[in-house]
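A closer look at the structure
The chain contents come next:
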Amino acid sequence: MEHLSSVDPERLLAHTGWMRALAQSLLRDAGAADDVVQDATVAALLHAPARERELAPWLSRVVRNFARRRRRGERRRADREAQAGAPEPESGPADTLERLELQQTVVEAVRAIEEPLRTTLVLRYFEGKTSAEIARVQRVPAGTVRWRLARGLAELRAKLDTRFGSRASWALLFAPFARQGLAPASSIVLTGVLAMNAAQVGLAAAIVVLGGVAWWGFARGPATPATRVAPLATESVPADVPVLEATGEVPRVTASGNRGAPADSATAMAQLAPESTPVTDRAEASVDARFVDEHGAPWGGVRFAAHAVRWRQDWKPGEAATSSSDGRAEMRIAMPLTRGVPLAEFALVFEASRAGCATIERSATLRLGTAVHLGDVVLGPGIRIRGRAVDEHGDGVALASIGLVAGELTEDEGHMRRHGSDTFRSAPGAQSAADGSFVLDGVAPGVRRVWAHADGKRFAWSQPIEIPGDRDLLGFEIVLTPLLPSDRIEGRVVAPDDRPIADAYLWFNERSAGSSLGSTINADAEGRFGLLVQRDDSAYSFTAHDREDRFAATTVEDVHGGSLAVVIRMHEKRWLPVHVHTAEGGPIADAKFEITAMGMGESAPATSSAPGAYSIAVQDGQFQLEVSAPGFHTRDLGALDAATLPATLDVVMLHAPVVRGRVTANGLPITGARVQLVPDRPGATETVAGFRSRYIVYHSSAGAVTDADGRFRMDCDENHGFWLRVTADGWAVGEVGPTDAAGREGEIELDVELTKGGAIEGRVILPDGADGEGAIVALNHGDGHPRTLRAGAKGVFRVDGLAPGPWQVLAAQSEIDPASTRYSSISVDAPIEWSCSVSAGKTTHFDLDLTRR
């Protein structure tokens, strides 16, 4: 059973603002802060606490942990690079051109968003305004701004999916620039050529979070120079067997004899040398389906079409197909070109419509030279709803958003009146005309509610409506009422002498019987701030921070909706002496301190008068303190109280081990391999896309890159079991583990030998002798990278380039979407049931027999 800790990615979007502010205050680097936010988001999807009210404090601790690891890793990497004297790579003309192309793509995609979503995105991510500031500019509630941002990001994400062919493609493209921590430009011009800045990186980060993915899920390690290792011989595969080639970090999909065409991203295809790119006779893919009614009878005359891509005017998806009397329809899609080379993957949305039927949309990722089988698609009856959105006086409300939602609403009503619901955003909808009229088309029968929202109004929804399947609904009316004073909190931040603190930033924690929420808001030049409350019983605490670091962080608590004159008066800092030393009493230099107070964590300002002797700034009340230093395990001192602190705080640190080794293949060194150290989870209680995993690789997981002799070295802050995961272009993933680090000091020597991996091939066997073509086969190695493919004719499938070791081969209901992979935790007390084992250079045969269910 899945825990409630499986958090929907869109709900996490509400937390990313304060998480990014916290990460940036810890790291002083916008790009690094975005990486930390991504890591913390994935961790939340895996490990969020069962009670939602605990989520914000938990996220604060996770962000601090990832920031601490990142700083420590960067310090150690800098030390190693300084010792090696390796020059930093410089940005060349190709990098500059690619950066310009990427920023132009972002701008064009934003231009294609409809108003008012487009302006909201520009104000937030290009001009850096907060939701509160945008609300004042646009004269709407901050909740409306956040709702528009969520909708706008969702549309932008979908546009980039289609533009680049898949979520993996554009996530891979943006990742290098996000990691560079680019400095913001002094101004942003939407027309013309721009330099990609931190705001645009932040926009890309928000899109990724909303999609439930992280850049590191797709980005490979550093480019691997040519090595002296000769490739292993590969086996021949029949031309009609679909093949998923999993060599390296990102799988490669091939079929029908077109082996080797990379499908990991658009850029991967564009960057391949001509001699390494297989030439297909036709640079196209196809998608087919069989349309049936609810009883399985075929629908003839169904129009089957692909949605056009607005910003690719030079590319058209092709003519729509019409299903024949047997319900079958096929579209052949000429793949778009990038730099004259056809994309290897391209995501499209397909629409099926027929008079009297509910319109159905299906998404599919097309792969060069292959066919996608959607299988049977059921088209049920559909009708039309005509109505009008009006205000409390009966006048029409223009530009109101209208949609459908399930008849049963289980969320808190007060929250939905102010902020709506995630289920509202996921439903198809319409926008009201100048007189408030609207039309909802292709509505399937069943019990539904109609919802509506407009600027300055509360969300509204109808009573449950029984949607008939044989007639349209006419004359429907929904009433929108204004926001109430009790829906808001307003206040100001001042210095001890009552002078306003300009541009102070505030972290707030909302607590109610139903949930908990943490986020950030910014005060304006006069120190004023405001927000739209979450629920009727919400109680807030606000912690104000002075951007100029003149005063200590100051908190006010127990603030409720309708409080419109809150004053946060900041106070002077208090300094605490701290002595940091080894168990033998030796002083420890370069210690860093992180304080969490009222759920908000940040680096503590510190001074040092001598090695091991520090003074740190603390605030009144209770707080938590963590101490870290290069070469030592991080020390968590737990909860402390300023009223009971000793005159000097004594901190004893224990030495951390160093992991070192060598990466080779065929006995020769591999240069530029990416080595990552990740904790072992022996219970495999975390899942990725529903598949259990022994370990999860985060972007900020401790890592190193092998040198010219294939050697690596990294600190190990783990005190339990861990795995080494090694990736290098052209080789299967290499693993060593689990290795127990408990109580160990000194050096841990671990060598890794890479191979081309092995293969699994077999056949999907269905009951009653049915053809298994199109059946979805899933493979899981317990490494957080499950994969799926559809079986070919007669149910035959094959997967190449697999890491040696145990594998699961399972039937799946749907293909894994790398753009929105789901992470969660499960309760289980049993080992993973493996299907077979893979050996390097060999093929393992395994039939997926579904007749035994």
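Presented here is an overview of the structure given in this document. (Residues numbered from 1 in each chain as written. Predicted model: local features only at pLDDT ≥ 70, side-chain atom pairs only at ≥ 80, totals over all residues. Heavy atoms only, no water.)

Notes on the side chain of Glu 718
Filter applied, for reference: Numbered from the N terminus, helices here are DSSP runs of H or I no shorter than four residues, and strands are runs of E no shorter than two. Burial classes follow relative accessibility: with a 1.4 Å probe on protein chains only, a residue under 20% of its type's maximum area counts as buried, one over 50% as exposed, and anything between as partly exposed.
Within the secondary structure, Glu 718 is located in the loop between strand 41 (711–715) and strand 42 (721–727). Classification of Glu 718 by relative accessible area gives buried; the value is 16%.

Looking at the pairing of strand 21 (residues 505–511)
Which entries qualify depends on this criterion: For two strands to pair, DSSP has to find at least two bridges joining them.
The element strand 21 is extensively covered by neighbouring structure, given that six of its seven residues are classed as buried. As paired elements, strand 21 and strand 24 (residues 539–545) share seven bridges and run antiparallel to each other. Residue Trp 507 lies in a different strand from strand 24, and its bridge partner there is Thr 543.

Observations concerning the packing of aromatic side chains
Heads up, the rule is: The pairing test for Phe, Tyr and Trp rings, Trp by its six-membered ring, is centres within 6.5 Å, and the orientation test on the planes gives stacked under 30 degrees, edge-to-face over 60, and tilted for anything in between.
Going through the model one piece at a time under the given rule, you end up with twelve aromatic pairs. For the pair Phe 508 and Tyr 540, a centre-to-centre distance of 5.8 Å together with 55° between the ring planes defines the contact as tilted. One end of the pair, Phe 508, is in strand 21; the other, Tyr 540, is in strand 24, and 32 residues separate them in sequence. Since its relative accessible area comes to 5%, Phe 508 is described here as buried. Here the aromatic residues Phe 424, Trp 451, Phe 459 and Trp 461 are joined through ring pairs into a cluster of three or more.

Here's the deal with the sheet that holds strand 15 (residues 437–443)
Formally: Only the stretch in contact is used when fitting a helix axis, every axis being a line fitted to C-alpha atoms; angles between N-to-C directions are given from 0 to 180 degrees.
If you trace the three strands from one edge of the open sheet to the other, you get 15-12-19, paired in mixed fashion. Either end of the sheet is taken by a strand with one partner, and the two such strands are strand 15 and strand 19 (473–480). Adjacent strand axes in the sheet meet at a mean angle of 30°, parallel and antiparallel pairs treated alike. As paired strands, strand 12 (residues 383–391) and strand 15 are joined by five bridges and run antiparallel to one another. For Gly 387, the partnering residue across the bridge sits in strand 15 and is Phe 438.

Remarks on the sheet that holds strand 27 (residues 574–582)
Strand order in the open sheet formed by four strands is 30-31-27-34, and the pairing between neighbours is mixed. Every other strand in the sheet has two partners, leaving strand 30 (606–610) and strand 34 (649–653) as the edge strands with one partner each. Strand-to-strand twist in this sheet, taken as the mean axis angle between neighbours without regard to direction, amounts to 30°. Pairing of strand 27 with strand 34, which is carried by five bridges, proceeds in the parallel orientation. When the bridges of strand 34 are listed, Val 580 appears paired with Val 651.

Overview of the environment of Val 580
Heads up, the rule is: Two residues qualify as a contact provided that any one of their heavy atoms is within 4.5 Å of a heavy atom in the partner residue.
Relative to the elements of secondary structure, Val 580 occurs in strand 27. Take Val 580: its relative accessible area is 0%, and that puts it in the buried class. When the C-alpha positions of Val 580 and Asp 590 are compared, they lie 9.9 Å apart, and in sequence the two are ten residues distant. Setting aside anything within four residues of it in sequence, one finds Val 580 in contact with Gly 586, Pro 587, Ile 588, Ala 591, Phe 593, Gly 612, Tyr 614, Val 627, Val 651 and Met 653.

So, the pattern of salt bridges
We count it as follows: The salt bridge definition used is simple: a Lys or Arg side-chain nitrogen within 4 Å of an Asp or Glu carboxyl oxygen.
Tallied over the full model, the rule gives 27 salt bridges. Close ionic contact of Arg 418 with Asp 536 constitutes a salt bridge, the shortest N to O distance being 2.6 Å. Here Asp 536 lies in the loop between strand 23 (528–532) and strand 24 and Arg 418 lies in helix 11 (residues 413–419), a separation of 118 residues in the sequence. On the accessibility criterion, Asp 536 (60% relative accessible area) is exposed. Put simply, Arg 660 and Glu 749 hold a salt bridge, and the shortest N to O gap is 3.5 Å. One end of the pair, Arg 660, is in strand 35 (residues 658–665); the other, Glu 749, is in strand 44 (residues 747–749), and 89 residues separate them in sequence. Where salt bridges share partners, they join Arg 418, Arg 458, Asp 487 and Asp 536 into one cluster.

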